[in-house]
Each structure stands twice: as structure tokens, then as C-alpha cells.
Amino acid sequence: MRQLDEMQRAFARALLDPREAPVGDDPAGRPDPIRFAVYRNNFAVSLIETLEAGYPALRRLVGEAFFRACAGHYAAQAPPRSPIMLLYGDRFADFVTRFEPLADYPYLADVARIERAWLEAYHAAEAEPLAPAALARVAAHRVGDLCFTLHPSVRIVHSIYPAVSLWRVNVSREVPAPIRLDSGAEDALIARPDAEVQVHAVPPDAAPFLDVLSQGGTLAEAAAEAASASASFDLCAHIAALLKSGLVTAARLRRRRTRPPKRQSVCR
Amino acid sequence: MPARAGVGLKPAHYREVLEARPDVGFFEVHAENYMGAGGPPHRYLAQIRSSYALSVHSVGLSIGAARPLDAAHLRRLAGVVRRYQPALVSEHLAWSSHGGAFFNDLLPVPYHAETLAWVCGHMHQVQETLGRELLLENPATYVAFGESTWSEPDFIAEVARRTGCGLLLDVNNVIVACTNQQWQPSRYIDAFPLHAVRQLHLAGHAADADASGRPLLIDTHDRPVSQAVWDLYARVIARIGRRPTLIEWDQQLPSWQTLQHEAQQAESILNAADAAQGAPHAAAR
């Protein structure tokens, strides 16, 4: 007896595809498209509203009606795969990138990526920051071998546009000041070391540095990557800033496979 | 759990609740909203829980699905229950997942032997995993199924009898389902196993019409409780006495004062039932 499963399969298909015949009857035993439409509408609207709640800046940038249409297209092709709706929309920013009507506004996807990172940071696991004193015993010549575990909320969004400024003025309640799109690239560091999510525009050498660290690279490897982005990269300043903002939760020394050619003091 | 009126806890009211410490009987949260790894929702709920009774309402188990339960989701629910130690835990007589997709809605089931077997099996599994009673909520429905062989209240009574589960009587859902299915609310309540009711829900609904022009009520949770729902609630409380009662308001969220006003209206009905039965006044905290 698989009657129930077959009904649910047909019901699910009709929810996902408006061309499919509705399931269920009115009290007289006749099909009624308006009744089934309540379920279709609940499903679609609830997903759109979930996205609306998560992307206030994008909503303001494209307007309410356009956002709802765009979110509706996304929801139709990306139904939730989990009953936890807190993190619904993990591919929405990529969808915005490819959404044909927005092809002339490529900075919008970067704003959406910041908003997604904000949501993930908001719900990320808690973790105690590492006390800077914990690094006091690391010999100066081994500092480059340190691997940092970053706070679970840390997210980095790269943008060739002033994405952080665009995001910030559009989540503020005030009338946004004009922002020139050619006013410079802004990479974003999004994190919630404690109660509040913080969004910072970081200098061009910070994002590659953080990328390497978050992938498990050593400080020396991260510094090398950052130095290729900026000749004036200051490792010590970056380490101090990370520790001070509570974004490092653990540190360990990676064993060297070969001895370095000479001892060098990376940071003091 | 005090047999008083409680309110659904919304993030928009976290701070106000913590600052003003309003006098409400309990708060209810959707389990799924506290399944994030960390973050402000957990911080606020932990603080609020330390001062208030709590009920946990799950909306994602898909109890009425003709497929095995999502074991990972059930473990997550058990984690929320362990962490926050609610007085009551509830789910819906509905399904919400199929073939890996989650529909974020409470979808209807036909009432026949096969559904009964699936629902009872799932209720047993959840109660065993949680090590406690689960309350099953009557649904708001918009369609009927010709293959149903049980009435809705008889079906629910049978689930309660077979699984020993408690029941959450959503009075708004009774009015919505009875209007949409052309049942008599008074007969629905007469057939409903009121002895197993541990909690009640009250909410607002919107009025529409189906393709034939019959009234079609939509369970919107976006406005005050309707007079028909208050009247039926008062009749149920007069019969069963005080029970914890939740004001559900999930959309078009009003001010905290409006929510508390709805809760006070429910409390006045609870108090009136006490007076009628000559029972001691149990409203004081």
C-alpha cells in the first residue's frame, strides 16, 4: 500500500511545477485550483519572505517588487533541502550574478555575498578568542610556522567594487549618500566574535592573507600571498589586529619539513 | 508549565522582553529557529528561558510523511529539547518534506489506515528519542481527500490512543478546517479527545473564497484572534478547565503591547472558567 507516498509525490510535484494538476478536493469532492493555490502560495511566499529578511540591502538597491520577482525565480529553482530555514538561500548570490535582468549591475552580487556572509556569521558557532599571551612562548623565528584557527563566523568577500560602502548605506535607515562605483575595490571581512556581526572593509592585502589562514596555511604562507598583493604588507600589524578583534581561536605550530636556509625573525 | 496564556517569542521582541520582563505565562519558540550552531538567538533564548517557562514547537519533522523521519533532524530537535528543557514539545499532523525538498508549510494528509500507521510509527519514534511526550497539533487544511476513511478528530483520537501522545488543540485551525471542509466546529470539538489536550493555540486568519464561492479561511497568523475563535476557545476551556494557551502571531508582527493584550484576553477567559467552576484562581505567578 503506497497510496500516501504517491499522493505526496504528486502534491510535491504540483507545488514545484504550476503546470502539474492540483491535488486534493473541495468538500463536494471536486478539484479546486484556488484551494491548492493556497499551498503553492504559502510555499513560494515563505521562501521569498525568508530571502527578503536576509537581503535588506539588495532589496533596497533593486526595489521591493524587483526583489520579490528575483527571489521568486530563485525559490522556484532552489527549493529548501533542509527544514532549517535560517540558512536558506546559500546559492542566491550566485543566482544574482547570473540573473539576466541584473547583468548590467555586477556589483549587486557582491552586496548579496556580504549579506549572505552576515547571515552565516550571525548563526555561526560560538568560540572563545585566543588570548594574545598564549603566543608569548612562541620563539620569534617560529612565528612564520604558526597556523591560526579563525573564529567560525569569519567570512571574506572579495569585490572589485566598493561593496562594503554599498552594503552599509543600504542597511542604514538614512537616505544613502551617492557612492561612485569606481571609487575603489573593497574586500569585506565579516565576523561575529561576540554578540554582534561586524562588517569591515579591509585593505587589499588583508583578504588574501585571511584566505590563506582560513584554509589552514601558516602565517609565512599567508604573508607571502599578501605581500604579492601589497609591497608594504605589515605582518605584525595584521596579527595584532586579528588577535585584538578576537578572530583567532587557536594557534598551532606546523612542523617544518626542511630547515629554513637561515633563521629569520618574522615578528617581534 | 503554568496553565496561563503565553506568547510566541519573536526576535523583534527579544530586547523588550528582557528589559521589561512582561508578566506572561510562557514563551513558545519554533524548534527550527534554534538549530543554528550559535549566535544571538541562542543567547537571547537562554536568558529568556532562565526567567520563563518554555514550549518548543517543531515545524519540520514531517510526521505525516510516508517516508522514514529525517534522523538528523530528529537528533537536532532532541538537542534543542536537551538544551532548553521546555515544559511542552509539539509537532503537527502534517507533512512538509518529500524527495529531499522541504516545503516550509504544513501539508495535509488523508485520514486512512496507511496514514495512521505512518503517523503512529513516527510519533512513537519521536517520543522514544526525546524520552518524553510529544503533543500532536490538529491542522488547518484547504483541501479534502476522497480516500479518507476517518473523520479528522476520530483520526487524532486514534493516534493519541495508540501512541499515548498528548494533543495541542489549535482552536483557530478548528475554525479554519471546519469552515473550509464544511464541518460543524461544535461537533468537531465533541469528537475531539479533549482529555489529552495539554496546550491550546490561538491565532488570526484571513477570509477568502474557493472556486465555487464557498468561504475559504487561510491560517495566516498575521492579525488578532477572530471572535469565532475566542467563542469556541471559551467553550472548550469551560469544558476542560485551564490549559496553557499560546497566542501565535508570526506575520505582520504587531507591537509587544498588542501581543500582550491578546494574551490578557485569553487569560480573562481562563479566569472566567475558574470562576464558573469555583476553582482557585491560578493566575498568580
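All values reported here derive from a predicted model rather than from experimental measurement. (Residues numbered from 1 in each chain as written. Chains lettered and ligands numbered in written order. Predicted model: local features only at pLDDT ≥ 70, side-chain atom pairs only at ≥ 80, totals over all residues.)

1. Details of the interface of chain A and chain B
Facing the 41 residues of chain A at the interface are 45 residues of chain B. Breaking the side of chain A that touches chain B down by element, the ones donating at least two residues are helix H1 (3–16), helix H2 (33–54) and helix H6 (107–123) of chain A. For the side of chain A that touches chain B, the element with the most residues is H2 of chain A, which contributes ten residues. Its residues assigned to classes, the side of chain A that touches chain B shows 24 nonpolar, eight polar and nine charged. (Contact = placed C-beta atoms within 7 Å. Helix = DSSP H or I, 4+ residues; strand = E, 2+ residues; numbered from the N terminus. Nonpolar A, V, L, I, M, F, W, Y, C, P; charged D, E, K, R; others polar.)

2. Re the packing of H6 of chain A against helix H7 (residues 163–171) of chain A
Residues and elements named next belong to chain A. Two numbers describe how H6 lies on H7: the axes approach to 9 Å, and their chain directions differ by 70 degrees. Between H6 and H7, the angle falls in the class roughly perpendicular. Relative to H7, H6 is oriented so that their crossing is right-handed. Packed against H6, whose contacting residues are Tyr107, Asp110, Val111 and Ile114, the element H7 presents Ala163, Val164, Leu166 and Trp167 at the interface. Residues belonging to the contact of H6 with H7 are distributed by class as follows: seven nonpolar, no polar and one charged. (Axes fitted to C-alpha atoms, helices over the stretch in contact; angles between N-to-C directions. Parallel < 35°, antiparallel > 145°, perpendicular 65-115°, else oblique. Left-handed = near helix turned anticlockwise from the far one by under 90°.)

3. A closer look at the domain arrangement of chain A
According to the domain assignment, chain A consists of domain 1 (1–105) and domain 2 (126–268). Look at where the C-alpha atoms of domain 1 of chain A and domain 2 of chain A centre, and you get two points 38 Å apart. (Domains from an automatic or database assignment.)

4. Describing the sheet that holds strand E2 (residues 155–157) of chain A
Residue and element names in this part refer to chain A. Strand order in the open sheet formed by three strands is E2-E3-E4, with antiparallel pairing between adjacent strands. Lying at the two open borders of the sheet, with one neighbouring strand each, are E2 and strand E4 (198–202). Direction aside, the axes of adjacent strands within the sheet are offset by 25 degrees on average. Examined bridge by bridge, E2 and strand E3 (residues 187–191) share three bridges and lie antiparallel to one another. Its bridge partner being in E3, Ile156 is matched across the sheet by Leu189. Those strands touched by H7 are E2, E3 and E4, and its axis lies near 145 degrees from that of E4. With respect to the sheet, helix H8 (residues 206–214) is in contact with E2, E3 and E4, its orientation differing from that of E3 by roughly 45 degrees. (Pairing = 2+ DSSP bridges.)

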